[in-house]
Amino acid sequence: MSEANASKFTIRPGAAYVVATPIGNLEDITFRAVQVLKQVDVIYCENSSHSRRLLQTYEISTQARTLYKDQGAEPYKGIIEDLKSGKTLALVSDAGTPGVSDPGSQLVRILREENIPIVPIPGASALTSMLSVSGWQVQPSLFLGFLSEKKGKKRNQLKEWENFEGVLTIFESVHRIRDTLSAIREIFPNSPILLGRELTKIHEEILKIEPVQALESLKFPEKGEFVVLIYTNPKKMLNGRVGDADTLE
């Protein structure tokens, strides 16, 4: 979008905008997203303190409020009244596209029930970013989000998709990644795994793990968020195989 076109962008009165923000690198935001965040009456954030750096970077002075999960119907009542009076809002998560693995889906559901116009502003997504660099046929693909913290329940969640043919995608934290990988290897012993850590950030890593590779040999830093891809039927890959385990930086 040219600067001239961006300056003419106007938001729709009474609408709620679901705005994708960077998953790491602050430059991964669209012109349209910045314009929306500057023009709405209020920005609801997963954590307003976390979003402050992004807003300051792009000189966005719009009031930002934290949207708490399971906060009950009463706070949403005021939001709905504001929107029906013609005010506007933007919804953002700490990183990426709201409503995927954050409290935002609850607000979106309630607004949709009230027939409030909801406008998606697409952009960065850890899910699609990781799928795009896999080199695997991703049709079909299934997003499982964050699995249970309990080992037994986590194993059962994976077991449900034991016969699925395609790509499974999981989000995981550094504190549980080893347990999750062990459960994956148990349920999908013949499947290659692709790990993305700290995507788009300075210490971004993409690690490819073959079924024959010992998980004990893997070393992880003490912090970071992971996106995990499991190719459940490697025989259908375009090239027929996955290369040796390596790290791309």
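Per an unreviewed UniProt entry, the chain goes by the name Ribosomal RNA small subunit methyltransferase I and belongs to Leptospira andrefontaineae. Turning to the chain, the UniProt record has this under Catalytic activity (unreviewed entry): "cytidine(1402) in 16S rRNA + S-adenosyl-L-methionine = 2'-O-methylcytidine(1402) in 16S rRNA + S-adenosyl-L-homocysteine + H(+)".

**A few points about the pairing of strand S1 (residues 16-19)**
Covered by surrounding structure in S1 are Ala16 and Val18 together with Tyr17 and Val19, the residues of both alternating faces. Here S1 pairs with strand S4 (residues 89-92) via three bridges, running parallel. Across the sheet, Val18 pairs through a bridge with Leu91, a residue of S4. Note that S1 and strand S5 (residues 118-121) share four bridges and pair parallel. Bridging from a neighbouring strand, Val18 pairs with Pro120 of S5.

**Structural notes on the pairing of strand S8 (residues 193-197)**
Most of S8 is tucked away: five of the five residues are buried. When S8 meets strand S9 (residues 205-209), the two strands line up antiparallel, connected through five bridges. By the bridge assignment for S9, Arg197 is matched with Glu205. The pairing of S8 with strand S10 (residues 225-231) spans five bridges and is antiparallel. Across the sheet, residue Leu195 finds its bridge partner in S10, namely Val228.

**Observations regarding the packing of aromatic side chains**
In total, this model carries five aromatic pairs according to the counting rule given. Relative to Tyr231, the ring of Trp136 lies with its centre 4.9 Å away and its plane at 75 degrees, an arrangement referred to as edge-to-face. One end of the pair, Trp136, is in the loop between helix H6 (126-132) and strand S6 (141-146); the other, Tyr231, is in strand S10, with 95 residues separating them in the sequence. Tyr231 matches Trp136 in its accessibility class, with the two residues each being buried.

**Some remarks on the nonpolar core**
Grouped together as the largest cluster of nonpolar side chains are 22 residues, with contacts concentrated most on Leu158, Ile170, Leu181, Ile184, Leu195, Val228 and Ile230. Among the elements that take part in this core, helix H8 (residues 177-187) stands out by supplying five residues, more than any other.

**Topic: the pattern of salt bridges**
This model, assessed by the stated rule, comprises nine salt bridges. A salt bridge links Glu149 to Arg176, with the nearest nitrogen and oxygen atoms 3.6 Å apart. Of this pair, Glu149 sits in the loop between S6 and helix H7 (151-159) while Arg176 sits in the loop between strand S7 (167-173) and H8; the two residues are 27 residues apart in sequence, bridging distant segments of the chain. When its relative accessible area of 60% is taken as the criterion, Glu149 is described as exposed.

Thresholds applied
Residues numbered from 1 in each chain as written. Predicted model: local features only at pLDDT ≥ 70, side-chain atom pairs only at ≥ 80, totals over all residues. Heavy atoms only, no water. UniProt positions renumbered as here; feature names shortened; annotations may be inferred. Buried < 20%, exposed > 50% of the residue type's maximum accessible area, 1.4 Å probe, protein only. Helix = DSSP H or I, 4+ residues; strand = E, 2+ residues; numbered from the N terminus. Pairing = 2+ DSSP bridges. Phe/Tyr/Trp six-rings, centres within 6.5 Å; stacked < 30°, edge-to-face > 60°. Core = buried A, V, L, I, M, F, W, Y, C linked by side-chain atoms within 4.5 Å. Salt bridge = Lys/Arg side-chain N within 4 Å of Asp/Glu carboxyl O.

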